[in-house]
Amino acid sequence: MWVFSALAALGMMSAGQVRGADSPTIHRDANGDLTVDPNSPVIPRLKVEAVTAQARPQDIDAPGQVVAEPARSINLLAPLTGRIARLDVAPGDAVRRGQLLALIASGDMAQACTDEEKARSALALAEKQFKRGQSVLGVGGAAVKDLESSRAAYEQAQAEYQRTTERLAALGQDDSTASGSQTGCFIPLVAPIDGVIGTVATAVGTNVTDPTAVLMTLVDTSKVWIVGDVAEDQSPLLHAGMEAHATLPAVPDVVLGGALGGLPPTIQGDTRRLGVHFEVANPSGVLRPGMYAHVTIAVPRPPEIIVPQTALLMNNDATTVFVEVRPNVFRRRVVDIVYDDGADSHVLDGLSVGERVVTQGAVLLNDD
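Residues numbered from 1 in each chain as written. Predicted model: local features only at pLDDT ≥ 70, side-chain atom pairs only at ≥ 80, totals over all residues. Heavy atoms only, no water.

Per an unreviewed UniProt entry, the protein goes by the name Efflux RND transporter periplasmic adaptor subunit and belongs to Acetobacter garciniae. Among the UniProt annotations of the protein, the heading Sequence similarities (unreviewed entry) holds the following wording: "Belongs to the membrane fusion protein (MFP) (TC 8.A.1) family." (UniProt positions renumbered as here; feature names shortened; annotations may be inferred.)

Participant: How do you make sense of the overall build of the protein when you look at a structure like this?
Facilitator: Scanning the protein from terminus to terminus reveals three helices and 25 strands. Relative to its full complement of 368 residues, the protein shows a buried share of 36%. Taking contacts inside the protein between residues at least 6 apart in sequence as the whole, the part at least 24 apart equals 72%. (Helix = DSSP H or I, 4+ residues; strand = E, 2+ residues; numbered from the N terminus. Buried < 20%, exposed > 50% of the residue type's maximum accessible area, 1.4 Å probe, protein only. Contact = heavy atoms within 4.5 Å.)

Participant: Help me out: how do you make sense of the state of the cysteines in this one?
Facilitator: One covalent bond between the sulfur atoms of two cysteine residues makes up a disulfide. According to the stated counting rule, one finds one disulfide in the structure shown. What pairs with Cys 113 in a disulfide is Cys 185, and their sulfur atoms sit 2.1 Å apart. Looking down the S-S bond of the Cys 113 and Cys 185 bridge, the torsion is 120°, so its handedness is right-handed. In this pair, Cys 113 is assigned in helix 2 (residues 107–138) and Cys 185 in the loop between helix 3 (144–170) and strand 10 (187–190), connecting sequence segments 72 residues apart. Judged by relative accessible area, which is 11%, Cys 113 ranks as buried. A relative accessible area of 30% places Cys 185 in the partly exposed class. (Disulfide = S-S within 2.5 Å.)

Participant: I tried to follow the sheet that holds strand 23 (residues 336–339) on my own but got confused; where do I start?
Facilitator: Backbone-to-backbone hydrogen bonds pair the strands of a sheet. The strands run either parallel or antiparallel. If you trace the four strands from one edge of the open sheet to the other, you get 4-19-24-23, paired in antiparallel fashion. Only two strands of the sheet have a single neighbouring strand rather than two, namely strand 4 (52–54) and strand 23. Ignoring which end each strand starts from, the neighbouring axes of this sheet average 50° apart. (Pairing = 2+ DSSP bridges. Axes fitted to C-alpha atoms, helices over the stretch in contact; angles between N-to-C directions.)

Participant: It is not clear to me how helix 3 should be interpreted in this structure. Could you clarify?
Facilitator: Along an α-helix, residues three or four positions apart point the same way, because every turn accommodates 3.6 residues. Along its 27 residues, helix 3 runs 39 Å from first to last C-alpha, staying within 8% of the 39 Å computed at 1.5 Å per residue. Along helix 3, the residues that are buried comprise Leu 147, Ser 150, Tyr 154, Ala 157, Thr 164 and Leu 168. One or two residues past the end of helix 3 sits Gly 172, with phi positive at roughly 100°. (Expected span 1.5 Å × (residues − 1).)

Participant: Hey, could you run me through the sheet that holds strand 8 (residues 94–95) in this one?
Facilitator: Pairing is antiparallel across the open sheet formed by four strands, whose spatial order is 6-13-11-8. Single-partner strands in this sheet number two, and they are strand 6 (73–77) and strand 8. Pairing analysis gives four bridges linking strand 11 (residues 195–200) to strand 13 (residues 214–219), with the strands arranged antiparallel. When the sheet's bridge partners are listed, Ile 197 is paired in strand 13 with Leu 218.

Participant: Would you mind showing me how to read unusual backbone geometry here?
Facilitator: Glycine aside, residues mostly have negative phi, and peptide bonds are mostly found in the trans state. A positive phi angle, near 55°, is found at Arg 272, a position not held by glycine. Of note, Arg 272 is situated in the loop between strand 16 (251–259) and strand 17 (273–281). A residue is classified by how much of its surface remains accessible, and Arg 272, at 40% relative accessible area, is partly exposed. A positive phi angle, near 65°, is found at Asn 328, a position not held by glycine. Note that Asn 328 resides in the loop between strand 21 (318–326) and strand 22 (329–334).

Participant: In this structure, what is going on with the pairing of strand 18 (residues 292–299)? I would like to understand it.
Facilitator: Every second residue of strand 18 is oriented toward a common face, the buried set being Ala 293, Val 295, Ile 297 and Val 299 and the non-buried set Tyr 292, His 294, Thr 296 and Ala 298. The pairing of strand 5 (residues 58–68) with strand 18 spans eight bridges and is antiparallel. Bridged to Ala 62 within strand 18 is Val 295. The pairing of strand 15 (residues 243–248) with strand 18 spans four bridges and is classified as antiparallel. Bridging across to strand 18, Ala 244 finds its partner in Ile 297.

Participant: What's the story with the nonpolar core in this structure? I'm lost.
Facilitator: Burial of nonpolar side chains together is a common tendency in soluble globular proteins. Ile 226, Leu 238, Leu 248, Phe 278 and Ile 297 are the most contacted members of the largest nonpolar core, which has 24 residues in total. If sequence neighbours within four positions are ignored, Leu 238 has contacts with Ile 60, Val 230, Leu 263, Val 276, Ile 297 and Val 299. Ranked by size, the runner-up nonpolar core spans 22 residues in total, among them Ala 78, Ala 112, Ile 187 and Leu 218. (Core = buried A, V, L, I, M, F, W, Y, C linked by side-chain atoms within 4.5 Å.)

Participant: What should I look at first to understand the packing of aromatic side chains in this one?
Facilitator: A ring pair, where both rings are aromatic, is described by two values, the distance of the centres and the angle of the planes. As enumerated under the stated definition, the model contains one aromatic pair in all. Look at Phe 130 and Tyr 154: their rings are 5.6 Å apart centre to centre, the planes differ by 15°, and that puts the pair in the stacked class. Here Tyr 154 lies in helix 3 and Phe 130 lies in helix 2, a separation of 24 residues in the sequence. Here Phe 130 matches Tyr 154 in class, with each residue buried. (Phe/Tyr/Trp six-rings, centres within 6.5 Å; stacked < 30°, edge-to-face > 60°.)

Participant: Explain the pattern of salt bridges here, please?
Facilitator: Opposite charge on two side chains lets them pair, provided their charged atoms get close. With the rule as written, the count across this model stands at 13 salt bridges. One salt bridge in this structure joins Asp 88 and Arg 86, with 3.0 Å as the shortest N-O distance. According to the relative accessible area criterion, Asp 88 is partly exposed, its value standing at 35%. As a salt-bridge pair, Glu 355 and Arg 333 come within 3.1 Å of each other at their nearest N and O atoms. One end of the pair, Glu 355, is in the loop between strand 24 (344–349) and strand 25 (356–360); the other, Arg 333, is in strand 22, with 22 residues separating them in the sequence. (Salt bridge = Lys/Arg side-chain N within 4 Å of Asp/Glu carboxyl O.)

Given below as structure tokens:
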């Protein structure tokens, strides 16, 4: 097709103009090289360019989807068994870090609160006795051993009080609890991060008998992952840091981009695909986990020798080009090519970078 296009482009030459080795302005020597007279009308019609090598990335296409970043998707569980006494959120609610989500009434929590109150009272009494002992010893009214005994009791009370407060802190009762006194002696379930309530699997009055049961999920979608499933035979081409892009049917005007994160060590057994991901910001929340995406990953390739298809001529079932070996002297060269979509072709063999090739008007030298 490109040969006929070239002929058509040169169709304005008058019928009296001659070309090829039969022309008096083009001569063939013993080696088969064609020498064109500098004054020949062919010269202005020839465009000669140096061969270059270009690094063109190979695009890998893969189906994908938007997913919540694992570190930003949290399952909330009860630390102890008990009963849901209060529930303040529903699916879709936006919450802030430290916000109270629910209260759980628990016998174990009540025991922990009682232990803390006893330890606080014991600590206050031990501290008072220790200070009294110091005062009495100062005026010579008590033995040193009595002061040491009160000191030991005071230190033991401090340790017990610390143990009970740490126990309460582990159950969510500490000074950082946002709702403060509203929690009473209940287990407060608070939001560990900013996010949106995804699911709620409980209700007021429900007995929590399994501490491993998920009560609700909390998802932070300010940043999400675009996950692409790459075919197994293409997975060896990938490594972390490669540039990737994605488009979403649900948001057609947006093109998302980023660098691939760390690659999973295994192929998915059921699909024979490798799940790769890159992170994107989602401040407006328009990207929702589960949305379908089309992922494209640019895989660098070694530089390739590229020539325009207008330089190619057929000669005895072989693809050839004309190489300028000296000024105005051209030699036919057989090349091995791969036809690409577009105006260029990839040369596998027959040309080197820097050689000068006739890219336009080569048909005027085509005498065979």
